[in-house]
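# Fold and geometry: a report
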Amino acid sequence: MTTSLQLFAAGSLKRAFIPLCQQFSAETGIPVEVSFGSAGLLRERIEAGASCHLFASANTAHPQVLLQRGQALSVQSFAFNRLNLTARKTPETEHDDWLSLLANPALRLGTSTPGCDPSGDYTWQLFERLEQRLPGIGLKQRAIKLVGGRDTLTVPEGQIASAWLIRNNYTDLFIGYAHYAQALDNSDDLRMLNIPDADNPRCEYQLALLSKAAETLAAYIVAKEGQRFLAQAGFLPLDGK
């Protein structure tokens, strides 16, 4: 019997990696068991000794730490992403741009959790850029860390965090990954707003190979077929464009 590969993957990869791993297993006969979660918390599990052959992080920092500590054999980038803003659609704000919405103190601003989840780290980078240009905007002070942490909300299976949080009245705005926009574009109650490249952090996803057993899977992810699944889920290709 073929031993299963243990893959730890950032939660934002779920829509790409579920079909990707199914196809990989169908082609190779190698089963893959995927554990999704916040990349920072997954890294902590690896450091504590959890069985994992391949780690797919939503940033480069966590794989690099594992490499420096001798727990990873190699690292390589495999996809890129951006942030966007999801907002509740209301008559009062339907004509406001992304920055006007963020700057509106009457609107609750939800985020993921920095330190635990790269989405939160990227969001804090965005806030720092905006606060340099607009002193006093106070985004970090207003931000509500709703997901991605140790004791934050759990988004139900199959739901997109931004939509679920807004529709359940936990927040009015949410900053998250832009690849989810394609699944929400036709929503009557939500607006998806692009954040310009000049302000938008470059979200680089990286693999950490923890066992030679997962070399075939890692190669599949960065090859044409794996990249096709990532593109279909809305991720940017390896050139980041």
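Below, the structure is looked at part by part. Every value quoted in this text rests on a predicted model; they were computed, and no experiment measured them.

Before going further, it helps to examine the overall build of the protein. Counting secondary structure elements, the protein contains ten helices and ten strands. Judged by the C-alpha coordinates and their principal axes, the protein covers about 60 × 35 × 35 Å. Considering the protein as a whole, with its 241 residues, one finds that 51% of them fall into the buried category. Considering only contacts within the protein whose residues lie at least 6 apart along the sequence, 76% involve residues at least 24 apart. Accessible surface, the protein as shown: approximately 11100 Å² in total, 48% of it carbon and sulfur. The averaged location of the 24 negative side-chain charges in the protein is 2 Å from the averaged location of its 22 positive side-chain charges.

Attention shifts here to the sheet that holds strand β10 (residues 203–209). The strands making up a sheet are joined through hydrogen bonds of the backbone, oriented either antiparallel or parallel. As summarised here, the arrangement of the five strands in space is β2-β1-β3-β10-β4, forming an open sheet in which the pairing is mixed. Looking along the sheet, the strands with just one partner apiece sit at the ends: β2 (32–37) and β4 (74–81). On average, adjacent strands in this sheet sit at an angle of 20° to one another, irrespective of strand direction. In terms of strand pairing, strand β3 (residues 54–57) meets β10 through four bridges, oriented antiparallel. Each bridged residue has a counterpart across the sheet, and for A56 the counterpart in β10 is L207.

All right, on to the pattern of salt bridges then. Pairing of side chains with opposite charge becomes possible as their charged atoms draw close. By the definition in use, this model includes 13 salt bridges. Between R69 and E47 there is a salt bridge whose closest N-O contact spans 2.3 Å. Placement of R69 in the loop between α3 (61–68) and β4 and of E47 in helix α2 (residues 39–47) is noted, with a sequence separation of 22 residues between them. With a relative accessible area of 53%, R69 lands in the exposed category. Owing to a relative accessible area of 27%, E47 belongs among the partly exposed residues under this scheme. Of the charged contacts, one joins E204 and R202 as a salt bridge, the two residues approaching to 3.6 Å between their closest N and O atoms. For R202, a relative accessible area of 53% translates into the label exposed. Three or more residues joined by partner-sharing salt bridges are found here, namely R43, E47 and R69.

Considering only enclosed or pocket space, the largest pocket measures out at about 940 Å³ in volume. Considering the residues around the largest pocket, the lining is formed by 40 residues, among which G11, S12, V155, A161 and Y180 are closest to the centre. Within the residue set of the lining of the largest pocket, elements represented by two or more residues are α1 (14–28), β2, α2, β5 (83–88), α7 (161–167), β8 (173–177) and α8 (181–184). Considering only residue class, the lining of the largest pocket consists of 18 nonpolar, 16 polar and six charged.

About the cut-offs
Residues numbered from 1 in each chain as written. Predicted model: local features only at pLDDT ≥ 70, side-chain atom pairs only at ≥ 80, totals over all residues. Heavy atoms only, no water. Helix = DSSP H or I, 4+ residues; strand = E, 2+ residues; numbered from the N terminus. Buried < 20%, exposed > 50% of the residue type's maximum accessible area, 1.4 Å probe, protein only. Contact = heavy atoms within 4.5 Å. Areas by Shrake-Rupley, 256 points an atom, 1.4 Å probe, with all protein chains shown as cover. Lys, Arg positive; Asp, Glu negative; His and termini not counted. Charge placed at Lys NZ, Arg CZ, Asp CG, Glu CD. Pairing = 2+ DSSP bridges. Axes fitted to C-alpha atoms, helices over the stretch in contact; angles between N-to-C directions. Salt bridge = Lys/Arg side-chain N within 4 Å of Asp/Glu carboxyl O. 1 Å grid on protein atoms, 1.4 Å probe; cavity = no way out; pocket = protein on both sides within 12 Å on 5 of 7 lines; lining within 4 Å. Points joined across faces, edges and corners; volume = space filled by probe spheres on them. Nonpolar A, V, L, I, M, F, W, Y, C, P; charged D, E, K, R; others polar.

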